[in-house]
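So the chains spell out like this:
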Amino acid sequence: EEHNEAFGEHVNILHRDEINWIRNNDPRRTTFVLEHDDAEKFSDLALELLGLYIAENEHLEHLRLEDLQLMDDDIYHLFLDLTWSISLKELKLGGNPFGLNGV
């Protein structure tokens, strides 16, 4: 399964539970902050799936992806589905070196 390939224990992501809460549309979770230690381990698939989970989540309102060293290609993969989010009210991307191609 793609989820296990991207976020399984072999990837050694510290905040795997938080990603699962987003994936499972947990109504108690309205904010997600991606930490640099996890972000640097993300593959293109992980970024795409995270964007999809955020888009399908009906409760997530605040997304903080600051200072993660996200480049144009990372932003592209993350935003393939993320732009369909109906609940997201705040997106913070400051401190990332992506350029116009990533927008």
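Our subject is the structure listed above.
Structural notes, computed from the coordinates. No experiment lies behind these values; they were computed from the predicted model shown. (Residues numbered from 1 in each chain as written. Predicted model: local features only at pLDDT ≥ 70, side-chain atom pairs only at ≥ 80, totals over all residues. Heavy atoms only, no water.)

### Examining the nonpolar core
Thinking step 1. Of all hydrophobic cores here, the largest spans 26 residues; its most connected members are Phe 7, Phe 32, Leu 34, Phe 42, Leu 50 and Leu 65.
Thinking step 2. If you list the elements that add at least two residues to this core, you get helix H1 (2-7), helix H2 (16-23), helix H4 (44-56) and helix H5 (72-82).
Thinking step 3. It is H4 that contributes the most residues to this core, seven residues altogether.
Thinking step 4. Beyond its immediate sequence surroundings of up to four residues, Leu 65 is in contact with Leu 34, Leu 70, Leu 78, Leu 91, Lys 92, Leu 93 and Asn 96. (Core = buried A, V, L, I, M, F, W, Y, C linked by side-chain atoms within 4.5 Å. Buried < 20%, exposed > 50% of the residue type's maximum accessible area, 1.4 Å probe, protein only. Helix = DSSP H or I, 4+ residues; strand = E, 2+ residues; numbered from the N terminus. Contact = heavy atoms within 4.5 Å.)

### Thoughts on the packing of aromatic side chains
Thinking step 1. Inspection of the entire model under this criterion finds two aromatic pairs.
Thinking step 2. Centre to centre, the rings of Phe 7 and Phe 42 are 5.5 Å apart; their planes meet at 75 degrees, and the pair counts as edge-to-face. Separated by 35 residues along the polypeptide, Phe 7 in helix H1 and Phe 42 in the loop between helix H3 (36-39) and H4 bring together distant segments of the chain.
Thinking step 3. Take Phe 7: its relative accessible area is 1%, and that puts it in the buried class. (Phe/Tyr/Trp six-rings, centres within 6.5 Å; stacked < 30°, edge-to-face > 60°.)

### Focus on unusual backbone geometry
Thinking step 1. The phi angle at Asn 12 is positive, at roughly 65 degrees, despite the residue not being glycine.
Thinking step 2. Its location among the elements puts Asn 12 in the loop between H1 and H2.
Thinking step 3. The backbone of Gln 69 shows a phi angle near 65 degrees, a positive value even though the residue is not glycine.
Thinking step 4. Along the polypeptide, Gln 69 turns up in the loop between strand E2 (62-64) and H5.
Thinking step 5. Given a relative accessible area of 48%, Gln 69 falls into the partly exposed group.

### Some remarks on the sheet that holds strand E3 (residues 90-92)
Strand pairing within a sheet occurs via backbone hydrogen bonds; the two strands may be parallel or antiparallel.
Thinking step 1. Overall, parallel pairing links the three strands, which are arranged E1-E2-E3 in an open sheet. At either end of the open sheet lies a strand with only one pairing partner, and these are strand E1 (31-33) and E3. If you compare each strand with its neighbour and ignore which way they point, the axes differ by 5 degrees on average. (Pairing = 2+ DSSP bridges. Axes fitted to C-alpha atoms, helices over the stretch in contact; angles between N-to-C directions.)

### Structural notes on the pattern of salt bridges
Thinking step 1. Evaluated as defined, the whole model comprises five salt bridges.
Thinking step 2. A salt bridge links Glu 61 to Lys 89; the nearest nitrogen and oxygen atoms lie 3.7 Å apart. With Glu 61 in the loop between H4 and E2 and Lys 89 in the loop between H5 and E3, the pair connects residues that are 28 residues apart, well separated along the chain.
Thinking step 3. A salt bridge links Glu 66 to Arg 64, with the nearest nitrogen and oxygen atoms 2.7 Å apart.
Thinking step 4. Exposure remark for Arg 64: the relative accessible area of 34% places this residue in the partly exposed category. (Salt bridge = Lys/Arg side-chain N within 4 Å of Asp/Glu carboxyl O.)

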